Amino acid sequence: MKRICAVLLILVLLAGCAGPGQTGIEMENVAPAGKLEGCSLYVKPVEGLPQDFILGMDASQVPALERSGVKYYDRDGSEQDVFRILAEHGVNMIRVRVWNDPFDAQGRGYGGGNCNLDTALEIGKRAARYGMKLLVDFHYSDFWADPGKQMAPKAWKELDFDSKQQALEDFTRDSLTALRDAGIPVAMVQVGNETNGALCGETDWKYITALMAAGSRAVREVFPEAKVAVHFANPESGAYAAYARNLSIYKLDYDVFGSSYYPYWHGSLENLTAVLKQVREKYGKDVMVLETSYAWTGEDFDFSGNTISEDSAVDKPYPYSLQGQVNSLRDVTQAVLDAGGVGVCYWEGTWIGVGGGSREENQKLWEQYGSGWASSYAGEYDPEDAGKWYGGCAVDNQSFFDPQGRVLESLMAFNLIRWGNETELTVQAVEDSELRITLGEPLELPERVQVILVDNSRREAPVEWDADPDRLTQPGQYTVTGRAEGLEARLLLTVENVNLLENPSFEAGVEDPWQVENLGGCRELMPEQKAGDSLTGEWHYHFWSPDAEKVEFTLEQSPEGLESGTYSFSIHIMGGDCGEAEVYAYAKLDGKTVATAPMEITAWNEWHAGEISGIQYAAGQSLTVGIYVKTDAAGAWGKIDDAALCLEP
Ligand code: CA
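Described in the following lines is the structure provided in the data block. Along every chain, residues carry numbers that run from 1 in the direction the sequence is written. Given that the model is predicted, a residue must reach a pLDDT of at least 70 before its local features are reported, and side-chain atom pairs must reach 80 or more before they are shown or counted; all residues, however, enter totals for whole chains, interfaces and linings. Side-chain measures here rest on the full set of heavy atoms in the structure, leaving out hydrogens and waters.

When helices and strands are tallied, the protein chain shows 13 helices and 25 strands. Relative to the 2.2 N^0.38 estimate, which gives 26 Å for 649 residues, the radius of gyration of the protein chain is 29 Å and therefore close to what a compact globule would have. By principal-axis analysis of the C-alpha atoms, the protein chain measures approximately 95 × 65 × 50 Å. Expressed as a percentage of the 649 residues in the protein chain, the buried residues total 55%. Look at the contacts in the protein chain between residues 6 or more apart in sequence, and 75% of them connect residues 24 or more apart. Each accessible area is a Shrake-Rupley estimate made with a 1.4 Å probe; only the visible protein chains count as cover when residues are assessed. If you sum the accessible surface of the protein chain, you get close to 27300 Å²; carbon and sulfur atoms cover 47% of it. When charges are counted, Lys and Arg contribute as positive and Asp and Glu as negative, whereas His and the chain ends are disregarded. Charge positions come from single atoms, namely NZ of Lys, CZ of Arg, CG of Asp or CD of Glu. The protein chain carries 52 positive and 100 negative side-chain charges, and their two centres are separated by 8 Å. Each helix corresponds to a stretch of at least 4 residues labelled H or I by DSSP, and each strand to a stretch of at least 2 residues labelled E; elements are numbered beginning at the N terminus. Throughout, the radius of gyration refers to the C-alpha atoms, and the reference size of a globule is 2.2 Å times the residue count to the power 0.38. Whether a residue is buried, partly exposed or exposed follows from its accessible area with a 1.4 Å probe, protein chains only, as a fraction of its type maximum: under 20%, in between, or over 50%, in that order. Contacts are assigned to residue pairs with any non-hydrogen atoms lying within 4.5 Å of each other.

Four donors placed tetrahedrally around a metal ideally meet at 109.5 degrees, and six donors placed octahedrally ideally meet at 90 or 180 degrees. Only Asp-300 (OD), Asp-302 (OD), Ser-304 (O), Asn-306 (OD1), Cys-393 (O), Asp-396 (OD) and Asp-396 (OD) from the protein coordinate the calcium ion, and they sit 2.1 to 3.1 Å from it. Only N, O and S atoms count as donors, using a 2.8 Å limit from the metal and a wider 3.2 Å limit for Na, K and Ca, and since water is excluded some coordination spheres may look unfilled. Ordering the donors of the calcium ion by residue number gives the pattern D-x1-D-x1-S-x1-N-x86-C-x2-D. Residue classification places Asn-306 among the buried residues on the basis of a relative accessible area of 16%.

The convention used is that axes are lines fitted to C-alpha atoms, helices contributing only their stretch in contact, and that angles between N-to-C directions extend from 0 to 180 degrees. Contact geometry for helix α9 (residues 269-283) and helix α10 (residues 322-338): axes closest at 8 Å, N-to-C directions at 30°. Regarding the angle of α9 to α10, the classification is roughly parallel. The hand of the α9/α10 crossing is right-handed. Packed against α9, whose contacting residues are Leu-269, Leu-272, Thr-273 and Lys-277, the element α10 presents Asp-331, Val-332, Ala-335 and Asp-338 at the interface. Grouping the amino acids of the contact of α9 with α10 by side-chain chemistry returns four nonpolar, one polar and three charged. Note that the term roughly parallel is reserved for angles under 35 degrees, roughly antiparallel for angles over 145, roughly perpendicular for angles of 65 to 115, and oblique for everything else. Left-handed is the label given to a crossing in which the near helix is rotated counterclockwise from the far helix by less than a right angle, and right-handed is the label when the rotation is clockwise. In this classification, Asp, Glu, Lys and Arg are treated as charged, Ala, Val, Leu, Ile, Met, Phe, Trp, Tyr, Cys and Pro as nonpolar, and every other residue, Gly included, as polar.

When you line up the elements, Ile-94 lands in strand β2 (residues 93-98). The class of Ile-94 is buried, set by a relative accessible area of 0%. Setting aside chain neighbours within four positions, we find Ile-94 in contact with Met-57, Ala-59, Phe-83, Leu-86, Ile-123, Ala-127, Met-132, Lys-133, Leu-134 and Leu-135.

Turning to the sheet that holds strand β13 (residues 464-465), a few remarks are in order. In this scheme, strands are said to pair when DSSP sees at least two bridges between them. Within the open sheet, the four strands sit side by side as β10-β15-β14-β13. Their pairing is mixed. Strand pairing shows two members of the sheet lacking a second neighbour, β10 (433-438) and β13, which therefore form its edges. Pairing of β10 with strand β15 (residues 487-496) involves six bridges; the strand directions are parallel. If you follow Glu-434 over to β15, its bridge partner there is Leu-492.

For the rest of this paragraph, the subject is the sheet that holds strand β16 (residues 515-518). Spatially, the five strands line up as an open sheet ordered β16-β19-β24-β21-β22, and their pairing is antiparallel. With partners counted over all chains shown, the strands left at the sheet margins are β16 and β22 (592-599), one partner each. Strand-to-strand twist in this sheet, taken as the mean axis angle between neighbours without regard to direction, amounts to 20°. Bridge analysis of strand β21 (residues 582-589) against β22 gives seven bridges, and the strand direction is antiparallel. Bridge pairing in β22 places Lys-588 opposite Thr-593.

This part is about the packing of aromatic side chains. Pairing of aromatic rings covers Phe, Tyr and Trp, the last through its six-membered ring, and needs centres within 6.5 Å; plane angles under 30 degrees mean stacked, over 60 mean edge-to-face, and all others mean tilted. Here the structure, examined in full by the defined rule, presents 34 aromatic pairs. Centroid distance Tyr-110 to Phe-143: 5.6 Å. Interplanar angle 80°. Geometry classified as edge-to-face. On the criterion of sequence distance, the pair formed by Tyr-110 in the loop between β2 and α5 (117-129) and Phe-143 in the loop between β3 (133-138) and α6 (161-181) is long-range, its members being 33 residues apart. Judged by centre distance (6.5 Å) and plane angle (10°), the ring pair of Trp-144 and Trp-351 falls under stacked. Taken together, the positions of Trp-144 in the loop between β3 and α6 and Trp-351 in the loop between β8 (343-346) and α11 (359-369) put the pair 207 residues apart, joining distant regions of the chain. For Trp-351, a relative accessible area of 2% puts it in the buried group. Taken together, the aromatic side chains of Trp-99, Tyr-110, Phe-143, Trp-144, Trp-347, Trp-351 and Tyr-381 make up a single cluster linked through ring pairs. For the cation-ring pair, Lys-316 lies above Tyr-320, with the distance from its terminal atom to the ring centre recorded as 4.4 Å. Whether a charge lies above a ring is judged from NZ of Lys or CZ of Arg, which has to be within 6 Å of the ring centre and within 35 degrees of the ring normal.

Okay, here's the thing in structure tokens:
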């Protein structure tokens with residue numbers, strides 16, 4: 001009931017506010033709801049969380065989803081304004097991205113909610129109605145800006161720098177003025193999104209900070225009470241100190257140094273705390289997490305693959321469960337508080353699938369309403385990413401609503417984080433175990449596994465596997481299931497085939513027993529030690545030739561003592577500047593080529609495999625396997641690594 005009263009109080013305050021701009025100021029001190037009751041999830045309280053600590057939610061996609069038919073339901077099952085649900089669960093700020101012009105010449109939206117100023121106005125009004133302030137996230141682009149891309153808007157592409165800077169300041173001022181005139185309480189404005197060394201087409205810090213300064217000036221002018229935020233990603237990169245120093249050198253006027261923190265990718269919480277604390281203490285800035293999220297399930301619900309699934313090879317500090325989602329949010333909040341930070345904003349916890357029964361059905365809605373992450377129309381602006389991979393929601397398993405739009409219990413954590421909800425410390429899941437063996441090695445399944453308690457602590461427990469060992473005699477990857485303490489356990493088992501080549505990854509640091517034949521005067525042709533240029537390990541085989549010296553060579557090996565049978569061979573290459581290269585893997589029996597597999601050389605760290613299978617070998621024959629490389633451009637270079645010759649099962 002307290003909650004209802006709080007909402008009514010807000011409405012009264014809203015009604016009592018006279019002019020534009022007054023609304024936000026009046027509403028800043030609205031008391032939060034009391035402790036929510038009836039939650040079955042464990043929530044360890046974050047002690048000493050300030051009353052004004054930001055617990056935000058990016059909800060940018062909501063209008064496009066609603067136009068596609070999505071509805072949201074409260075805990076009692078009744079249909080409800082999703083912004084009201086958020087407010088009642090303890091969310092106190094709504095974040096919204098703003099793209100300049102996410103539409104093509106025919107007015108067709110690029111997707112991702114087609115988020116522009118109109119969307120921010122729509123969302124801002126609804127958020128304000130329930131007492132939540134707005135965090136405006138200018139990307140200064142016509143579509144997604146992140147560490148991988150920071151493209152200038154179409155309309156600014158041809159502008160010289162001074163004109164672009166002016167356009168950015170004008171755009172920021174005009175957009176914020178429209179929000180102010182609509183009575184929307186803007187509390188924070190981001191001048192750029194995940195600007196790791198690039199913003200709006202600029203990559204020189206002098207220009208990046210000059211653009212940020214233009215945005216900052218506009219914020220100060222229109223919303224003098226609002227905080228100016230900068231936003232970076234990858235706290236694990238070690239680059240934050242340098243970013244903050246650059247902002248200081250160029251004297252940027254800002255308040256909040258914000259970070260993305262996705263536990264799968266972004267290193268430890270201790271590191272997050274350390275890097276944010278360093279910036280706060282050295283430069284006297286507020287710090288916060290502007291984006292975080294965690295998966296409550298490994299499933300996908302909208303026929304458009306998710307960034308995180310059970311198969312993702314990423315850090316998994318919590319199980320993909322409602323309890324895992326709660327613990328992640330709780331621990332990120334603690335980490336930010338430990339850094340002296342001011343808030344945490346969850347990324348798009350309201351973004352669910354559009355609900356169709358097939359990809360085709362959903363695709364129509366994504367195209368029509370921009371309710372997927374990208375529509376096909378985005379291809380003209382972003383051909384390399386959206387143009388190829390456009391589709392639906394990649395985070396529908398990281399939301400706080402189920403596929404039908406019903407609020408999940410985990411959303412209560414936004415409220416309970418202040419109070420705690422210390423239920424009994426039961427076991428919630430079993431940690432995946434991993435085992436790697438070579439074919440023929442005896443399979444010894446572990447007798448004990450780690451179980452995960454609701455507070456994310458671990459302890460050992462006995463396990464029963466239901467594997468049939470006979471079925472594990474083939475090379476490959478297996479998931480063995482079992483049970484521990486009544487819960488499902490998984491063993492991720494890799495059975496590697498026996499590699500019959502010697503020095504297959506050049507880790508011996510010598511050529512032997514590989515045979516190289518230099519057919520064209522290639523200048524450098526040798527094993528090389530450089531982990532960053534190797535597919536695995538430290539070493540690979542390297543070639544390079546400057547102008548005029550042709551690259552043509554073979555690199556091969558003839559293992560001895562093979563038994564009769566069918567064999568497969570594979571080898572990998574990457575490189576560049578090779579022109580129209582002719583590259584292939586080959587197998588020879590008694591000196592005669594019996595099979596080849598064409599290969600490509602494209603770019604640094606783009607490894608390509610040459611794979612030959614079905615090599616029929618009889619004991620006593622001579623088998624030679626290798627790679628042939630011929631290039632036709634000056635400066636050709638490349639790296640060869642990880643060859644394997646295996647008896648096929
Ligand atoms: Ca999905």
